[in-house]
Amino acid sequence: MTIARRPIAVLGAVAALGLALTGCVAKSDVAASGRLTVASTADACSVSAGTATSGTLAFDVSNKGDEVTEFYLLAHDGVRIVGEVENVAPGASRTLTVVAQPGEYFTVCKPGMIGAGVGKTAFSVSGEKVAETGGDAAQKQKALTQYASYVKDQVDQLLPAAKTFADAYRGGDDAAAKAQFSTVRAYYERIEPIAEQLGTLDPRLDFRELDAKAEGIDWTGFHRIEKDLWAPAAGAMNSDGTTPANLDWAPSTPAERATFADKLLADLQELYDHVHSDAFVKDLESKGIAGISNGAISLLDEVANGKITGEEDWWSGTDLSDFAANVEGSKMAFSVVREFAESKGSEGKKLVEQIDRGFSALEAELAVHGSLKDGFAAYSTVTETQKRDLTDLLNALAEPLSKLTSTILG
C-alpha cells in the first residue's frame, strides 16, 4: 500500500499557522549571533551550531535532498515541538524564527514528512529568560499549535511503523508482528484525546471484540489483528470472564489477514489525512486550551478504565505499554498548558507542583516493569500488590490533574 504524503496546499497553510503562533518574529529582529543554518539531506540534519544564547533565533533551512522535508526544534523531552518549518521543497529554503528560552533542546529534520526523522541532535540555549510578548490569547494559540504539531508528529511516525507491522502480519511472520505490536499502538495511545473527532474511525481502529459485538459493527483494527497473533487456547475466556474466547471467532486465513492488514492501513491513512487537514486545526481551536487540559485528564481515565484492569490488550498482555503511552500523552498535553496554570498565582503553582510529583512517581513505578523503548513485562506477571501500587499512584495524580481545566480557565 502506498503511503500518501500531505497535500502541498494544506502543508503551506499549516506551516504558516505554526510560524505565526510559536513565538516567531520578523527576520529583522534577529541578531547576527542568533542566525543559524540547517542543511537537510536524506540522512542528515546539519545545524551550523549546537549552542545559542537565549532570545530570537532564526534557523535558515536549506533542503539539499530529493524529498520535501521539515525541520523541528524540539523541547528537552525530545518530543514536544517548540517550532517547525514544513513543506521545504528540494532545493528550496525556509526560515524558522523563534524566541528561545534557556534550556536543552533537540533539532531534527524529516525528509518525506513521515517517520521519526533524521539527524536528531542536542541543542543548548544559555542566557537569561526572555519575556515573551503577544498577550494571553497569543500564548493560548501557541499552546494549541504545539499540541497540534505533537499529534501530527505521532501520526507521521505511526503510519510507516504500521505498514511494516501490517506487512509482517499479512505475510505470516507472527514473531516480527508481535515484537512490533506494542510500539505501533503506542503512537495511537498517546493521542487518544482526539478520538472523539474521528467518528467511526476510532471504533474501526481500536474497538475490542466485545465492544464491536455490543455495537453491532464489524470488528477490525489493532485488536482484531492482536487476537490472530496471540490466538486463544481452547476453553479460554474473553475479557468479560464469561464469553468463550472462540465464540463466533476463528483464526484468520491468509486472505483474511491481507484484508485486515489493508483495512488497518487504509484507516490509518484516513487518520493521517485528518490530522493534517484544516478541519483538525479548527476543531482544536474551537475547544481551546480547555480541550487540551481535558485531554490530559481523559488519558488517565483511559488507563483507569482499561489498562489497569488488563482488559485492553487481553490477548497480548501488552497493557503496560498502552498504560505508559497514555501517561506520556497526558503529560504532553499538560506540558503545553502548564504555563497558564502557573500564572494563576500561588494556588496554580501549587497545583503544577502536585501534578509534576504525580507524574514522576507514576513514571518511576512504571519503570520497575520496563519501558516503551526496551519493552514491558507481560501484564500477567504484574502482582496484585503492584497493580494496587499503580492504581494508588494513578489516583494520586488524577486528583490534582482533574482540577487543571478549572484552574487555567479561572
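Residues numbered from 1 in each chain as written. Predicted model: local features only at pLDDT ≥ 70, side-chain atom pairs only at ≥ 80, totals over all residues. Heavy atoms only, no water.

Trainee: Help me understand the packing of helix H10 (residues 345-367) against helix H11 (residues 384-401) in this model?
Mentor: Packed helices, taken two at a time, are described by the angle between their axes plus the distance between the axes. It is the contact of H10 with H11, at a shortest axis distance of 9 Å, that shows an interaxial angle of 160°. Comparing their axes, H11 and H10 come out roughly antiparallel. The interaxial crossing formed by H10 with H11 has left-handed handedness. Between H10 and H11, the residues in contact are Leu-351, Gln-354, Ile-355, Gly-358, Phe-359, Ala-361, Leu-362, Glu-365 and Leu-366 and Asp-389, Leu-390, Leu-393, Leu-394, Leu-397, Pro-400 and Leu-401, respectively. Partitioned by chemical class, the residues of the contact of H10 with H11 number 12 nonpolar, 2 polar and 2 charged. (Axes fitted to C-alpha atoms, helices over the stretch in contact; angles between N-to-C directions. Helix = DSSP H or I, 4+ residues; strand = E, 2+ residues; numbered from the N terminus. Parallel < 35°, antiparallel > 145°, perpendicular 65-115°, else oblique. Left-handed = near helix turned anticlockwise from the far one by under 90°. Contact = heavy atoms within 4.5 Å. Nonpolar A, V, L, I, M, F, W, Y, C, P; charged D, E, K, R; others polar.)

Trainee: In this structure, what is going on with the packing of helix H8 (residues 278-307) against helix H9 (residues 319-342)? I would like to understand it.
Mentor: One way to put it is that H8 packs onto H9 with a least axis distance of 8 Å and a crossing angle of 160°. Viewed along their axes, H8 and H9 adopt a mutual orientation that is roughly antiparallel. Viewed along their axes, H8 and H9 form a crossing whose handedness is left-handed. Where H8 approaches H9, its residues Ile-289, Ile-292, Ser-293, Ala-296, Leu-299, Leu-300, Glu-302, Val-303, Gly-306 and Lys-307 are matched on the opposing element by Asp-319, Asp-322, Phe-323, Asn-326, Val-327, Gly-329, Ser-330, Ala-333, Phe-334, Val-336, Val-337 and Phe-340. Considered class by class, the residues forming the contact of H8 with H9 number 13 nonpolar, 5 polar and 4 charged.

Trainee: How should the sheet that holds strand S4 (residues 55-63) be read in this particular structure?
Mentor: The pairing of strands in a sheet happens through backbone hydrogen bonds and is either parallel or antiparallel. Spatially, the 4 strands line up as an open sheet ordered S2-S1-S4-S7, and their pairing is mixed. Since the sheet does not close on itself, it has two edges, and those belong to strand S2 (45-47) and strand S7 (93-100), each with one partner. Strand-to-strand twist across the sheet, computed as the mean angle between neighbouring axes with direction ignored, equals 20°. Relative to S7, S4 runs antiparallel, the two being bridged by 8 bridges. Opposite Ala-58, over in S7, you have Thr-97 as the bridge partner. (Pairing = 2+ DSSP bridges.)

Trainee: Whenever I open this one, the packing of aromatic side chains confuses me. Can you help?
Mentor: Geometry of an aromatic ring pair is reported as the spacing of the ring centres plus the angle between the planes. If you walk through the whole model with that rule in mind, you get 7 aromatic pairs. Plain terms: the ring middles of Tyr-147 and Tyr-150 are 6.1 Å apart, the flat faces sit at 40° to each other, and that makes the pair tilted. In this pair, Tyr-147 and Tyr-150 both sit in helix H2 (residues 135-170), 3 residues apart, roughly one turn of the helix. On the accessibility criterion, Tyr-147 (3% relative accessible area) is buried. Both rings, one in Phe-181 and one in Trp-230, keep their centres 5.5 Å apart while their planes meet at 65°; by these two values the pair is edge-to-face. Placement of Phe-181 in helix H3 (residues 174-190) and of Trp-230 in the loop between helix H6 (222-229) and helix H7 (254-275) is noted, with a sequence separation of 49 residues between them. As far as the burial class goes, Phe-181 and Trp-230 line up, both buried. (Phe/Tyr/Trp six-rings, centres within 6.5 Å; stacked < 30°, edge-to-face > 60°. Buried < 20%, exposed > 50% of the residue type's maximum accessible area, 1.4 Å probe, protein only.)

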